[in-house]
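# Remarks on the overall topology
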2 protein chains.
Amino acid sequence: MKDKFYDPKIECIQKDKIEKVQLNKFNKLLKICKKSELYKKVQLPSKIFSLEEMKNIPFTTKDQLRNCYPYGSLTLPLSEVIEVHTSSGTTGNPVPIFLTKKDLETSNKVLARTWFCNGIRKEDIFMMMGDYGLFTGGLLNHYALTYLGAMVIPMGVYSTEKQIKFLRDFKVTSMAGIASHYFRILEKFRELKVNSKELNLKIVIAAGEPYSEETRAHFEKGFGCKFMDQYGLAEINTGLAGECKYKCGLHVPWDYVYPEIINPNTEEILPEGETGELVLTTLDREANPVIRYRTGDITSITYKKCKCGRTTPRISRLKGRVDDILFVKGIKLYPSAIESVLWGMKDLVNPEGWRLKIERIKGIEELTLMVEPKSFNNETKNKIACKLKEELRIRFNICLEKNCFPDHKLKRIIDLRKK
Amino acid sequence: MKDKFYDPKIECIQKDKIEKVQLNKFNKLLKICKKSELYKKVQLPSKIFSLEEMKNIPFTTKDQLRNCYPYGSLTLPLSEVIEVHTSSGTTGNPVPIFLTKKDLETSNKVLARTWFCNGIRKEDIFMMMGDYGLFTGGLLNHYALTYLGAMVIPMGVYSTEKQIKFLRDFKVTSMAGIASHYFRILEKFRELKVNSKELNLKIVIAAGEPYSEETRAHFEKGFGCKFMDQYGLAEINTGLAGECKYKCGLHVPWDYVYPEIINPNTEEILPEGETGELVLTTLDREANPVIRYRTGDITSITYKKCKCGRTTPRISRLKGRVDDILFVKGIKLYPSAIESVLWGMKDLVNPEGWRLKIERIKGIEELTLMVEPKSFNNETKNKIACKLKEELRIRFNICLEKNCFPDHKLKRIIDLRKK
């Protein structure tokens, strides 16, 4: 088998054919789920006869997963589990993710397909900068990359200096990390006078948080190589969907998860192409399956065949989180849209340096955008305000500030309206 | 196969029989080594006819491994390597450790035997507190534990509070970490009023640094369970040798490494039972083999059959590092001996809280021991000085201090004589 990481039998199959596989797997899943405390409490059918019927099945929410911490979502005896991960647990109990030996093998096969789709090969010298340990983005991607045969340097969250030393010394060809971390590396490049031409980088994966095409172009220029996107989440799996070289959406492994897009308010399934909340059902996990999980992530889906030949559904690059969509002054505002406007003014501002405060003053919603300008003066302020008004049809107060630089998974939006 | 993690064919074999296997493996190793830059520079025989001849083969030192950073110790094309680790690299370049798929499989089999020997089973709920990422103690032990089938929580270096929360919530039965970290957990137990009886701990592994039997007893009391020792090092492998339930030395996997004990000054091989520096040769690594590596660790070795039935050689629990042996006033002093004396005075002092300063004042060596007393008075000071003089035959100046608490791999000895 020449390329076991590219499987046309699954990745280029016709939609109606894979739907039979999906239906079959989902009905097996329903039987497995009955064994967990979590799903014993939920009204589930014993069988469905078409994927159409998915719409009648209750969603699973993050709160439900949290409430059955630590062992309530498990469908198997503990002795069958060989590894546990958890979500970060910054608010309330963490969500545990249990994996059996088979779960890990399946994970490796699916994630290796994503990395292969991204362009990673056995010959690559790969530096993994995600947090190892409990975080799924470290270990589970690491496993898949070594399974693919790349040489993985498990760098973890060491200092940026050490990461740059290893980039050079080991002649790293490819790496992965949280999108905003690359701003920090570029900053260090400037400080240490590193020229990207002295590096061997070919493909870099920036994931873990939404970022604009303009940010991507900025990275590609700074690192002198291609930047690729991936999507994943602790509750289902990391590195789940990834871009191919045509960068026209992220390929979803439809034999492993069943994706839907819903209207987050009405909970209705949206048609192909419309933007809403991504809902995922695991089709292939035995210890810790999840049915119709509301990911909270905003995207759209297409089933059109990709130029790369894959027929797998593609989700658009993330537009943000359901919690992040702002309804201000009767208008729906995505944080990524603000960033795009700032990129259009990159001579005036540092486009990655911004924060937004929303408050209600005497009953009226006020938006204050803090940005880092190239020079501090009122003219800059006015230009930014005008451009934003023009593009987003909303009036912003502009506040010029130093150090609006984003940090690891920084909250950019400070919404004081509910207070 | 009932217990693939206990292999009597290797672990209970007669010494003369395993020696044939060792000789065979070593001769294969000599051929492999010729392919690395490192060993091309070294005068190696093409074959030896008995293990006796080992004594004529040059040692490998940490400096040699550092000097061929990054790729000089590699015997295979890079594309065969799937994982890299490094030593900490606190002084100079780090030492890289390369592993092929086969190296990792072999590592899993050997380390799983160590964990099994320690008493860990498939049913265990295991919390791994080592640093993940580049550090071999995290990932390589993690692999072996999941291979053994235990349920591993890859905790990493999260906060002690979170570790205690997980201990309780997941009903952890077993865990591993750096010895001194358990002092910190016990401290937190007191603070949070955790009673060890409410936990499910059965066996805890404390490794990574030498600690006395008294410290072990202190841990066993505080955690209400058995504490076991392990020995490993980045350059060869982590979790290499471990205690069985009889706690009479650490079983060395003699099919995987060939151990010798040498006099660190004359470099002569020492007879069974004598204390000196441990030297290890890898017998089963393909990407990154090491011949007669001077570990710098002080121990002794015995080939007597253990009460557990294993015939594998056992090294005594570490007495310290070659760099730590102190020659003061013409006497050889092990830091562990100081700690033992302090444990004998635990009503007066906190035995884990101490540091030693050595300086030469007007040509005379002066030793100042900083200790944390239960109460600050001159009587305590005199009692400590007398006891140390009595047991170690050396006069110490005593300095009573707060917060001599050990930290992660703390340097206890401050030797100012060379300045």
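Residues numbered from 1 in each chain as written. Chains lettered and ligands numbered in written order. Predicted model: local features only at pLDDT ≥ 70, side-chain atom pairs only at ≥ 80, totals over all residues. Heavy atoms only, no water.

A tally of helices and strands in chain A yields 11 helices and 21 strands. What you see for chain A is a C-alpha radius of gyration of 22 Å, in line with the 22 Å of a compact globule of 419 residues. Dimensions of chain A, computed from the C-alpha atoms along their principal axes, are close to 65 × 60 × 40 Å. Out of the 419 residues in chain A, the part that is buried amounts to 59%. Within chain A, contacts between residues at least 6 apart in sequence are counted, and of these 66% link residues at least 24 apart. Here chain A has roughly 18,300 Å² of accessible surface; of this, 51% comes from carbon and sulfur atoms. (Helix = DSSP H or I, 4+ residues; strand = E, 2+ residues; numbered from the N terminus. Rg over C-alpha atoms; globule rule 2.2 N^0.38 Å. Buried < 20%, exposed > 50% of the residue type's maximum accessible area, 1.4 Å probe, protein only. Contact = heavy atoms within 4.5 Å. Areas by Shrake-Rupley, 256 points an atom, 1.4 Å probe, with all protein chains shown as cover.)

So, about the interface of chain A and chain B. At the interface, 40 residues of chain A touch 40 residues of chain B. Between chain A and chain B we count two salt bridges in total. Note that B:Glu80 is salt-bridged to A:Lys122, the shortest N-O span being 3.9 Å. Where chain A packs against chain B, one counts 18 residue pairs in polar contact (both at pLDDT 80 or more). (Salt bridge = Lys/Arg side-chain N within 4 Å of Asp/Glu carboxyl O. Polar contact = N/O pair within 3.5 Å; in protein donor to acceptor, adjacent residues only side chain to side chain.)

A contiguous patch of positive charge, built from A:Lys28, A:Lys31, A:Lys34 and A:Lys47, is present on the exposed surface. Within the secondary structure, A:Lys47 sits in the loop between helix 3 (37–40) and helix 4 (62–67). (Patch = residues over 30% accessible without salt bridge, like charges linked within 9 Å, V, L, I, M, F, W, Y side chains within 5 Å. Lys, Arg positive; Asp, Glu negative; His and termini not counted. Charge placed at Lys NZ, Arg CZ, Asp CG, Glu CD.)

Let us now look at helix 7 (residues 160–169) of chain A. Of all 10 residues that make up helix 7 of chain A, seven are buried, and the element is covered over most of its length. Structurally, helix 7 of chain A contributes buried residues whose contacts are with strand 3 (125–128), strand 4 (151–154), strand 5 (174–178) and helix 8 (181–192) of chain A together with strand 1 (81–86) of chain B. Looking at the residues trailing helix 7 of chain A, positive phi occurs at A:Lys171, about 55°.

Here we come to the relation of the copies chain A and chain B. For the pair chain A and chain B, the superposition axis carries a translation of 0.0 Å, the fit reaches an RMSD of 0.1 Å, and the rotation angle comes to 180°. Here the transformation between the copies is reduced to the relation of a two-fold axis. Taking the C-alpha atom as reference, chain A places A:Tyr132 closest to the rotation axis, 2.9 Å from it. (Least-squares fit on C-alpha atoms with pLDDT ≥ 70 in both.)

What follows concerns the nonpolar core. Of all hydrophobic cores here, the largest spans 52 residues; its most connected members are A:Trp115, A:Ile120, B:Trp115 and B:Ile120. Here B:Trp115 is in contact with B:Ile120, B:Phe126, B:Met128, B:Asn141, B:Ala144, B:Leu145, B:Leu148, B:Ala176, B:Ile205 and B:Gln230, once residues within four sequence places are set aside. (Core = buried A, V, L, I, M, F, W, Y, C linked by side-chain atoms within 4.5 Å.)

In this section: the sheet that holds strand 18 (residues 349–361) of chain B. All names here are of chain B. One open sheet holds the four strands; their spatial order is 20-19-18-21, and the pairing between them is mixed. Here the strands that pair on one side only, and so sit at the sheet edges, are strand 20 (397–400) and strand 21 (413–415). Each adjacent strand pair in this sheet contributes to an overall mean axis angle of 20°, direction not counted. Pairing geometry for strand 18 and strand 19 (residues 364–373), over nine bridges, is antiparallel. What sits directly across from Trp354, in strand 19, is Val371. (Pairing = 2+ DSSP bridges. Axes fitted to C-alpha atoms, helices over the stretch in contact; angles between N-to-C directions.)

Attention now goes to the sheet that holds strand 21 (residues 413–415) of chain A. Residue and element names in this part refer to chain A. Across the sheet, four strands lie side by side as 20-19-18-21; this open sheet has mixed pairing. Each having just a single partner strand, strand 20 (397–400) and strand 21 make up the two edges of the open sheet. The average undirected angle you get between the axes of adjacent strands in this sheet is 20°. Docked against the sheet, helix 10 (residues 335–343) engages strand 18 (349–361), strand 19 (364–373) and strand 21, running at close to 135° with respect to strand 18.

Below, the discussion takes up unusual backbone geometry. In most cases, non-glycine residues show a negative phi, while peptide bonds are predominantly trans. Between A:Tyr69 and A:Pro70 the backbone carries a cis peptide bond, its omega angle lying at 0°. Relative to the helices and strands, A:Pro70 is located in the loop between helix 4 and strand 1 (81–86).

Moving on to the domain arrangement of chain A. By domain assignment, chain A separates into domain 1 (8–75 + 247–321), domain 2 (106–231) and domain 3 (325–415). Each of domain 1 of chain A and domain 3 of chain A was reduced to a C-alpha centroid, and the two centroids are 35 Å apart. (Domains from an automatic or database assignment.)

Glancing now at the pattern of salt bridges. According to the stated counting rule, one finds 69 salt bridges over all chains in the structure shown. Across the salt bridge formed by B:Glu243 and B:Arg317, the nearest N and O atoms sit 4.0 Å from each other. One end of the pair, B:Glu243, is in strand 8 (residues 237–243); the other, B:Arg317, is in the loop between strand 14 (314–315) and strand 15 (320–321), and 74 residues separate them in sequence. When sorted by exposure, B:Glu243 lands in the same class as B:Arg317, which is buried. Taking the shortest distance from any N to any O, the salt bridge between B:Glu339 and B:Arg412 comes out at 3.7 Å. Of this pair, B:Glu339 sits in helix 10 (residues 335–343) while B:Arg412 sits in the loop between strand 20 and strand 21; the two residues are 73 residues apart in sequence, bridging distant segments of the chain. The burial state of B:Glu339 is the same as that of B:Arg412; both residues are buried. Connected via shared salt-bridge partners are A:Glu213, A:Arg216, A:Asp229, A:Glu243 and A:Arg317.

The next subject is helix 8 (residues 181–192) of chain B. Because the α-helix completes a turn every 3.6 residues, residues three or four places apart line up on one side. Residue and element names in this part refer to chain B. Helix length check: helix 8, at 12 residues, gives a terminal C-alpha distance of 17 Å against a target of 16 Å (1.5 Å per residue), a fit within 8%. His181, Tyr182, Phe183, Ile185, Leu186, Lys188 and Phe189 are the residues of helix 8 that are buried. Summarising the contacts, the buried residues of helix 8 are in contact with helix 7 (160–169), strand 5 (174–178), strand 6 (203–207), helix 9 (213–223), strand 7 (226–233) and strand 18. (Expected span 1.5 Å × (residues − 1).)

This paragraph deals with the packing of helix 7 of chain A against helix 8 of chain A. Residues and elements named next belong to chain A. At a minimum axis distance of 10 Å, the contact between helix 7 and helix 8 shows a crossing angle of 75°. With respect to each other, helix 7 and helix 8 are oriented roughly perpendicular. Facing helix 7, whose interface residues are Thr160, Glu161, Gln163, Ile164 and Leu167, helix 8 presents His181, Arg184, Ile185, Lys188, Phe189 and Leu192. Class assignment of the residues belonging to the contact of helix 7 with helix 8 gives a composition of five nonpolar, three polar and three charged. (Parallel < 35°, antiparallel > 145°, perpendicular 65-115°, else oblique. Nonpolar A, V, L, I, M, F, W, Y, C, P; charged D, E, K, R; others polar.)

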